[in-house]
Amino acid sequence: YNQKLEEEFSAYCGVKYGSTVANGTVALHAAVRALDLVSGDEVIVPNFNGIYGAYALLYENVVPVAVDAEKGTWNIDPNLIEEKINAKTKAIMIVHLYGHPCNVDLIQEIADKYNLPIIEDAAEAHGAEYKSRKAGSLGDIATFSFYSNKVITSGEGGMITTNKEEYYKKIEYFKNQCFALNGPRHFIHEDIGYNYRLTNLQAAIAYAQFTHLEKLVESRISVNRKYREMLAEFDGIEFQEEKEYAKNIFWMTAITVNENITGFSRNQLEEHLAKNNIQTRRLFVGMDRQPLFLKQGITIEGS
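Parameters at a glance
Residues numbered from 1 in each chain as written. Predicted model: local features only at pLDDT ≥ 70, side-chain atom pairs only at ≥ 80, totals over all residues. Heavy atoms only, no water. Buried < 20%, exposed > 50% of the residue type's maximum accessible area, 1.4 Å probe, protein only. Helix = DSSP H or I, 4+ residues; strand = E, 2+ residues; numbered from the N terminus. Pairing = 2+ DSSP bridges. Right-handed = clockwise from strand over helix to strand, strands pointing away. Patch = residues over 30% accessible without salt bridge, like charges linked within 9 Å, V, L, I, M, F, W, Y side chains within 5 Å. Areas by Shrake-Rupley, 256 points an atom, 1.4 Å probe, with all protein chains shown as cover. Salt bridge = Lys/Arg side-chain N within 4 Å of Asp/Glu carboxyl O.

Caption draft 1: The pairing of strand S4 (residues 89–95), seen in detail. Burial of S4 is extensive: 6 of the 7 residues sit out of reach of the surface. With 3 bridges joining them, strand S2 (residues 42–46) and S4 adopt parallel strand pairing. Paired with Ile-44 across the strands is Ile-92, a residue of S4. In the sheet, S4 pairs with strand S5 (residues 118–121) via 4 bridges, with the strands oriented parallel. For Ile-92, the partnering residue across the bridge sits in S5 and is Ile-118. The handedness of the S4 to S5 crossover, carried by helix H4 (residues 104–114), is right-handed.

Caption draft 2: Structural detail: the pairing of S2. Where burial is concerned, most of S2 is hidden: 5 out of the 5 residues are buried. Side chains Glu-42, Ile-44 and Pro-46 of S2 all project onto a buried face; the interleaved residues Val-43 and Val-45 project onto the opposite face, where all are buried too. Pairing of S2 with strand S3 (residues 63–67) involves 5 bridges; the strand directions are parallel. Considered in S3, the bridge of Val-45 is made with Ala-66. The parallel pair S2 and S3, bridged by helix H3 (residues 52–58), forms a crossover whose chirality is right-handed.

Caption draft 3: Structural context of a nonpolar patch on the surface. Where nonpolar side chains cluster on the molecular surface, the patch consists of Tyr-52, Tyr-55 and Tyr-59 and spans about 320 Å² of accessible area. Mapping Tyr-52 onto the fold places it in helix H3. Among the residues examined, Tyr-52 registers a relative accessible area of 43% and is labelled partly exposed.

Caption draft 4: Structural view of the sheet that holds strand S6 (residues 129–130). Taken together, 3 strands build an open sheet; the order of strands is S7-S6-S11 and the sheet is antiparallel. Across the chains shown, the open sheet's two edge strands, defined by having one partner strand only, are strand S7 (133–134) and strand S11 (246–247). In the sheet, S6 pairs with S7 via 2 bridges, with the strands oriented antiparallel. Paired with Glu-129 across the two strands is Lys-134, which belongs to S7.

Caption draft 5: Expanded view of the pattern of salt bridges. Counted by the stated rule, this structure contains 13 salt bridges. Across the pair Lys-175 and Glu-6 runs a salt bridge, and its minimum N-O distance is 3.5 Å. Linking Lys-175 in helix H5 (residues 165–175) with Glu-6 in helix H1 (residues 2–13), this pair joins segments that are 169 residues apart in sequence. Using a relative accessible area of 11% as the deciding quantity, one classes Glu-6 as buried. A salt bridge links Asp-105 to Lys-131; its shortest N-O distance comes to 2.6 Å. Separated by 26 residues along the polypeptide, Asp-105 in helix H4 and Lys-131 in the loop between S6 and S7 bring together distant segments of the chain. For Asp-105, a relative accessible area of 29% translates into the label partly exposed. By relative accessible area, Lys-131 is classed as partly exposed at 48%. Three or more residues joined by partner-sharing salt bridges are found here, namely Glu-6, Glu-172 and Lys-175.

And the structure:
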């Protein structure tokens with residue numbers, strides 16, 4: 001089932017290679033290893049995101065350099081990327097936040113100008129599209145998560161997709177304890193390897209859901225549509241935008257609350273809903289507010 005999932009998922013994304021891994025975070029770490037990033041290198045990351053991509057960089061002592069979000073989509077703002085690039089910059093990591101693809105063409109122009117690969121974190125974007133191209137095919141190497149709250153899940157799990165054979169072979173090598181590819185298992189290892197494999201049982205669960213991916217995506221979109229319709233009368237409640245270039249799968253239906261207009265704060269709304277047995281969760285925290293970076297001696301400027 002690992003092979004079936006790898007072949008069919010990568011074909012769905014429109015790329016040549018897919019490699020299953022144990023979860024989305026190790027997918028990002030394996031991508032960092034595949035790009036040969038080393039201690040002291042810098043990688044552009046979105047400031048507004050979960051910390052997991054930064055974790056993957058810090059595992060290799062690579063420095064995350066945060067770029068603030070654009071209004072509306074909450075994705076990395078392409079107009080702010082170039083000013084953060086210097087001689088140490090070795091890659092750009094983009095995240096399709098909550099299922100909305102980044103403005104890839106603008107980011108690709110910058111990447112081409114400085115000869116930088118793009119790591120595409122599509123953990124929340126199974127089935128999302130940018131100008132009719134599927135997430136997972138929009139960068140040099142892409143990662144997905146199959147965690148329990150994702151569009152398709154195996155409890156834990158992940159996938160890496162790429163068109164570059166070089167990256168694919170490195171991922172297959174590192175994720176399997178650095179045993180030689182297609183060679184004898186002689187237990188002699190040239191590099192530090194990892195047990196990042198996905199079990200066949202987990203792959204079978206993910207594959208069964210993958211065969212219904214379009215229905216699962218439509219369900220997410222339908223839920224988002226209902227929330228928008230039912231909350232339309234409330235001024236001060238704003239949803240994530242959907243740009244004309246994007247198909248947003250709305251992995252998470254997310255809102256912002258403008259207290260000056262609504263008359264109540266996010267926290268008050270959260271407490272009110274909890275009292276009525278309606279669960280909510282807060283969104284990600286900016287990298288510039290993460291204590292981890294202060295402990296690491298890394299300065300991340302927010303705005």
